[in-house]
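Residue strings, one per chain:
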Amino acid sequence: MSLAPNDEDAVHKTLRHALDDLDRHKRLLRIAEPIDPHLEAAEIQRRVYAAGGPALLFENVVGCRFPMAANLFGTLERAKFLFRHTLRRVEHLVDLKVDPAVALKAPWRYADVPLAALTTLPKRTRSGPVLKNRCRVSDLPQLVSWPDDGGPFVTLPQVYTEDPRKPGVGNSNLGMYRVQLGGNEYVPDEEIGLHYQLHRSIGVHHAAALERGEELRVNVFVGGTPAMTVAAVMPLPEGLSELIFAGALAGRRIPMAKHPLGKGWPRVYGEADFCLSGRVVGVKPEGPFGDHLGYYAKTHDFPVMKVEAVYHRDGAVWPFTVVGRPPQEDTTFGELIHELTGPALPTVLPGVKGVHAVDAAGVHPLLLAVGSERYAPHTPSDRPAELLTQANAILGQGQLSLAKYLFIADAADDPPSMEDVPAFLMHCLARIDPTRDLHFQTRTTIDTLDYSGSGLNEGSKVVLAARGPAKRELPEFLRSGWRLPDGFDHAAVAFPGVACVSGPACEGKDGAADRLAAAIDAEHPLRGFPLIVLCDDATFSARTANNLLWTAFTRSDPAADVFGVDSFTEEKHWGCRGPLIVDARVKPHHAPPLIEDPAVTAKVDRLAARGGPLHGIL
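Basis of the calculations
- Residues numbered from 1 in each chain as written.
- Predicted model: local features only at pLDDT ≥ 70, side-chain atom pairs only at ≥ 80, totals over all residues.
- Heavy atoms only, no water.
- Core = buried A, V, L, I, M, F, W, Y, C linked by side-chain atoms within 4.5 Å.
- Buried < 20%, exposed > 50% of the residue type's maximum accessible area, 1.4 Å probe, protein only.
- Helix = DSSP H or I, 4+ residues; strand = E, 2+ residues; numbered from the N terminus.
- Contact = heavy atoms within 4.5 Å.
- Pairing = 2+ DSSP bridges.
- Axes fitted to C-alpha atoms, helices over the stretch in contact; angles between N-to-C directions.

Student: Hey, could you go over the nonpolar core for me, with residue numbers and the actual values?
Tutor: Formed by 52 residues in total, the largest nonpolar core has its most connected members in Ile-44, Phe-58, Leu-276, Trp-318, Phe-320 and Leu-614. In terms of residue count, helix α2 (residues 40-50) provides more of this core than any other element does, four residues in total. For Leu-614, the contacting residues outside a window of four places in its chain are Leu-29, Ile-31, Ile-44, Val-48, Val-604, Leu-607 and Ala-608. In this structure, Leu-82, Tyr-160, Ala-232 and Met-256 belong to the second largest nonpolar core, which totals 49 residues.

Student: Quick rundown of the sheet that holds strand β2 (residues 55-58)? Include the residues and the values.
Tutor: Across the sheet, which stays open at both edges, the four strands sit in the order β1-β2-β3-β18 with mixed pairing between neighbours. Each end of this open sheet is capped by a strand with a single partner; those strands are β1 (28-31) and β18 (318-320). Taking each pair of neighbouring strands and ignoring which way they run, the sheet shows an average axis angle of 20 degrees. Relative to β2, β1 runs parallel, the two being bridged by four bridges.

Student: Account for unusual backbone geometry, naming residues and giving values.
Tutor: Residues Gly-287 and Pro-288 are joined by a peptide bond in cis, for which omega reads -5 degrees. Mapped onto the elements of the fold, Pro-288 is located in the loop between β14 (274-286) and β15 (289-290). Omega for the peptide link from Pro-326 to Pro-327 comes to 5 degrees, which places this bond in the cis form. Secondary-structure assignment places Pro-327 in the loop between β18 and α10 (330-341). Its identity as a non-glycine residue notwithstanding, Asn-71 has a phi of 65 degrees, on the positive side. Mapped onto the elements, Asn-71 comes out in the loop between β3 (68-70) and α3 (76-82). Notably, Asn-457 is not glycine yet its phi reads approximately 70 degrees, a positive angle.

Shape is all these values report; function is a separate question.
Following this line, the structure appears as structure tokens:
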């Protein structure tokens, strides 16, 4: 396969150029053996990612003429390598957003900002390479990632729309919303599914189209410069085009071509590898799909797109990723976004020093934050005050509003890094007063993909605020010589202050957490643990911090599943005088977890044997 010219210093104009760059620097593995897009390609990607392996180029895809690329963002180091020519410029733009005066203090440091600014404006063009050829939906790689997925999906789509009230690239949205290419009730080669959720700006455009009695016109780009992929997942303010960010990160203006279908169609990203164009014409069942929480997103009605055309450039390459229980490749997206946008957070949320969405818990279920108390410096207190104001601001901010659990600490208490999740939680658990410092929001919205709540998009939240000196020592071990109630057969310590207890299988509202709470009297060894996680398998949950975080926060809804020893309700405030108990057992309404196909696993094992293309990597 002929890739881009050997230009070490150029920024990546196309996906092929990025692959060529990785290849020259021995960061790409080409696989010439036939690889099936049904389960096999996805399992290879997951396992190579877990091994810290290279980017992948599948040159011989079974049943498809297009090669597939994966694991481009498999490590943060590789993602930074891809943008090594532009990342510092983007960081400087963010610095100036936070404090414009820094340019006066160190003008030489920000000398590259004007060049970065010049690349932010999209470039309108007559046409582009992506429009040269046409094909059918069924000609595209039919990637199926998990055994019970409802069909093939596009997993790195760049879904582009323009505001019907004021069309143009300046009023556009670029987002990453999974696209189902077939299966269910979709008419083959004519219909595909668009899965977009709460707090996605495409919804604003769709609503505007419906108000005008129109069908929303959509372009789905695949491939092109890796900067467009990152831009599609950036949490930018509503009204700020992702194309601006993409241009800065790509180091060149993003070319947007006039659509060949004519007037009224949004422009086309000219350097994409593929473009699927169509109109949203209603809803149809979409899913299931193995998603980033580690479970199957169930089948629900979501928008269906009537496909008008599928375009592709010469020598097009189909990029993909695989999501599942974290960490996965999308973990890198979160790390890169945090590095780029973290410094700007205090300008959006005054008093907030930082926010960390915990990847191991599925991102949205658990947030950690550091705030500051500035209300009454003349009145020493350990009672959270402004922290609660800041917590509400966080939970009112875009996709952060989908969180279920928010632990917020006072910066004055010098909390550990939020990146060290167990240490940060221990800091909070040593300081929280469970009689006053838990604040619930009930019957509100949570992540569409989170099935722990009362219904689709429905659930609750709790803020746990920690301020002041430590109130307790956190036990590291369980003393011997004690009993659990009937049906509770094992307990283990996950890390200091957190104990896991195996309980009976949950068949509904069975009162198990209340029975456990009643058994923990003042002398019980569990009484010293501020947090107890009731689960199906205490050994598994306590084995690693990631297991604990995944179990506790993806399998519980605060209002329904947080209990406490000696709990009470006073003036509509809930609290407890003993440990908190989170019921994180699998409930009947939960989604099933993701499990790989043993036959496919064995097939990939053979590729990793001596003489195979994955030998020495897996």
